[in-house]
Amino acid sequence: MSNNEVIEKFFYPSSVAVVGASREPSKVGYQLLHNLIAKYRGKVYPINPKVDEILGIKAYPNVNSVPGTIDLAVISVPAPAVPTVVEECGLKGVKSVIIISAGFKELGTSEGIEFEKRIVSTAKRFGIRVIGPNCMGVYVPKVGLNTTFLNPERMDFPNHGNIAFISQSGAFGIAVLDWAAMRGIGISKFVSLGNKCDVDESDLLNYLVSDDDTQVITMYVEGVEKGREFAKSLRSVTTVKPVVILKAGRSEEGVRAIASHTGSLAGADVVYDVVFRQFGAIRAMGMDELFDIALSLSLQPPAKGMNVGILTVGGGSGVMATDAAVSLGLKVPKLSDTTVSKLRKVLLPIASPYNPVDVTGSARDEHLLQAVEILTRSGEVDIIIWIPYFMAPGISKELAKNFITLIKSINNELDTPIPIVGAATGGRHTAKLSTIIENEGIPMYPSVERAAKAAWALCKYGQWLRDNGTFEEYISKHMRSKATN
Ligand code: ACO
């Protein structure tokens, strides 16, 4: 089996053994089995020497006594028992193993380090690939595969979507899944890597680059051990699909905290910065930013240049958006006389037809619609930040729908589509309308600064693709996938 074929078994196994499935509802091994059987429709084998049945499913004393083949083993027994279980998996012919158990390298004890070393050498001997130890495993909503052990009464899991999320931290990863479900962000694959004794970021990047379900790859990284391989993988992936990375441990104190979390060597933060830049990864500075950027890249095409058109119902927001865009290195160009006069013709006399184009609080739907059409067709801007105020009296509930229809039809006609992101600051009504718009493919952010950062990522990624000669290819693939969605 090729590397990618083995990795594929972590996401699409036909059968899963849960070693350490427990009878006790308060234990990890019980909840894990419970979550797994909730939606997964492949064969499930609970492994526990003390019982015949758990949650109504026949249990086996060890993997060897399972009658069929096992594509994936999920291990949740105390650390000292794990090396033997991995050996048993090897003898059974299992090639993909997830180790949920903690108590290894991350402890810094000689015993923990020794257990992990034994796992690695056994896995090598049998050609097993291992995710973990000290991890949450995987979540693949498309096939209902869930190897996490969190209580689903106290968290939600996101639906299928086109963003992959790889997290070195299990707890943070799970919290993000719960949050993504609330935010309506879909996930193609989630992987919690833990101590990374074997499978690491590079293995997953190399797999995800050709995963049709994944359009954007997001990562939470503390430290990368095999730097050269990582850089090589990044280089080959980022010209095909975007990789957005939240790298923790920016301070000396943060680096120290990492050492006691997953036992990783975090290294100098500046080195990561250089590698990310050199190999086209987009760095996010926090969780909101990670997914703000991922969302824009998953919904919109990258921009062909750095010129931002700002279309706003409120003057102040237009000014703030301009400041935010410029401070990120984007341009907010003056519009040509021709474009200004076209705008002047369709807008109210009190409107400002420059950039930002301020349609004012008296604007009606048609003003925003006509203005966005003039801007997108002007050839003077590469991306648009629109700032609707849904509470303005002339703005109807129909604006969202009509705006989206118009943008889609204009972009279908243009050689290079103009991406658009929105900023809608407000309360629950605004949030509701923003969700409707976002569901139709225009990302909406609760502040102009966040929208500007999302726009920046679309410009930055567009520039990376252009520099590497893959912009056109990416755009046509992106447009094809949007057309079929
Ligand atoms: N084969 C099969 N089953 C076994 C074996 C074995 N070799 N050994 C024990 N079992 C069974 C036990 O009988 C038990 O079942 P039972 O409750 O029905 O009797 C079950 O497996 C669990 O074994 P326990 O000894 O009861 O272990 P416990 O559940 O207390 O803890 C665990 C095991 C969960 C793996 C624990 O050691 C651990 O590592 N916890 C931390 C998990 C974690 O946090 N992982 C990282 C997540 S990522 C993050 O950042 C949070």
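Residues numbered from 1 in each chain as written. Predicted model: local features only at pLDDT ≥ 70, side-chain atom pairs only at ≥ 80, totals over all residues. Heavy atoms only, no water.

**Here we look at the side chain of Thr-147**
Relative to the elements of secondary structure, Thr-147 occurs in the loop between β9 (145-146) and β10 (160-167). With a relative accessible area of 0%, Thr-147 lands in the buried category. At a separation of 3.1 Å, a polar atom in the side chain of Thr-147 contacts the main-chain carbonyl oxygen of Met-136. Here Val-138 takes part through its backbone nitrogen, which lies 2.8 Å from a polar atom of the side chain of Thr-147. When residues no more than four places from it in sequence are discounted, the contact partners of Thr-147 are Leu-32, Val-74, Ile-98, Ile-100, Met-136, Gly-137 and Val-138. (Helix = DSSP H or I, 4+ residues; strand = E, 2+ residues; numbered from the N terminus. Buried < 20%, exposed > 50% of the residue type's maximum accessible area, 1.4 Å probe, protein only. Polar contact = N/O pair within 3.5 Å; in protein donor to acceptor, adjacent residues only side chain to side chain. Contact = heavy atoms within 4.5 Å.)

**Here we look at the sheet that holds strand β1 (residues 15-19)**
Paired through backbone hydrogen bonds, the strands of a sheet run either parallel or antiparallel to each other. Spatial strand order, β2-β1-β5-β6-β7: 5 strands in an open sheet with parallel pairing. Two strands in the sheet have a free side with no partner beyond their single neighbour: β2 (43-47) and β7 (129-131). Across this sheet, the average inter-strand angle for adjacent strands is 20°, counted without regard to direction. Inspection of the sheet shows β1 paired to strand β5 (residues 72-75) by 4 bridges, in the parallel sense. If you follow Val-16 over to β5, its bridge partner there is Leu-72. Of the strands in this sheet, β1, β5 and β6 (96-99) are in contact with helix α3 (residues 82-92), which crosses β5 at around 170°. (Pairing = 2+ DSSP bridges. Axes fitted to C-alpha atoms, helices over the stretch in contact; angles between N-to-C directions.)

**Quick notes on the nonpolar core**
The biggest cluster of nonpolar side chains holds 58 residues, and the ones touching the most others in it are Phe-165, Leu-177, Val-244, Ile-282, Phe-291, Leu-297 and Ile-385. Looking at which element gives the most residues to this core, the answer is helix α16 (residues 448-467), with 12 residues. If you count residues domain by domain, this core takes at least three from each of domain 2 (155-299) and domain 3 (301-484). Formed by 47 residues, the second largest nonpolar core is a distinct cluster that contains Ile-54, Ile-100, Ile-217 and Met-219. (Core = buried A, V, L, I, M, F, W, Y, C linked by side-chain atoms within 4.5 Å. Domains from an automatic or database assignment.)

**Digging into the packing of helix α5 (residues 170-183) against helix α10 (residues 287-299)**
Close contact between α5 and α10 brings their axes to 12 Å; oriented N to C, the two are set at 50°. Comparing their axes, α10 and α5 come out oblique. Pair α5 / α10 crosses with right-handed handedness. Every residue of α10 that contacts α5 at Phe-172, Val-176, Trp-179 and Arg-183 is listed here: Met-287, Asp-288, Phe-291 and Leu-295. Along the lines of polarity and charge, the residues of the contact of α5 with α10 split into 6 nonpolar, no polar and 2 charged. (Parallel < 35°, antiparallel > 145°, perpendicular 65-115°, else oblique. Left-handed = near helix turned anticlockwise from the far one by under 90°. Nonpolar A, V, L, I, M, F, W, Y, C, P; charged D, E, K, R; others polar.)

**Examining the site of the ligand**
Residues in contact with the ligand amount to 25 residues; listed here are only the nearest, Ser-22, Arg-23, Lys-27, Ile-100 and Ala-102. Backbone polar atom of Ala-102 to an oxygen atom of the ligand: 2.8 Å apart, as the coordinates give it. Ala-171 is positioned with one of its backbone polar atoms (N or O) 3.4 Å from an oxygen atom of the ligand. Surface burial for the ligand is 74%, taken as the share of its 1000 Å² of free accessible area covered by protein chains. Here the residues of the shell around the ligand sort into 14 nonpolar, 7 polar and 4 charged. (Near = heavy atom within 4 Å. Areas by Shrake-Rupley, 256 points an atom, 1.4 Å probe, with all protein chains shown as cover.)

**Let's talk about unusual backbone geometry**
Of note, the bond from Gly-132 into Pro-133 is cis; its omega dihedral lies within 30 degrees of zero at -5°. Tracing the chain through its elements places Pro-133 in the loop between β7 and β8 (137-140). A cis amide bond links Asn-355 to the next residue, Pro-356, at an omega of 5°. As for its placement among the helices and strands, Pro-356 is situated in the loop between α12 (337-346) and β16 (357-358). The residue Leu-55 is not glycine, and still its phi comes out positive at about 50°. Locating Leu-55 in the fold gives a position in the loop between β3 (53-54) and β4 (57-58). With a phi close to 65°, Asn-134 is a non-glycine residue in the positive phi region. Take Asn-134: it is sitting in the loop between β7 and β8.

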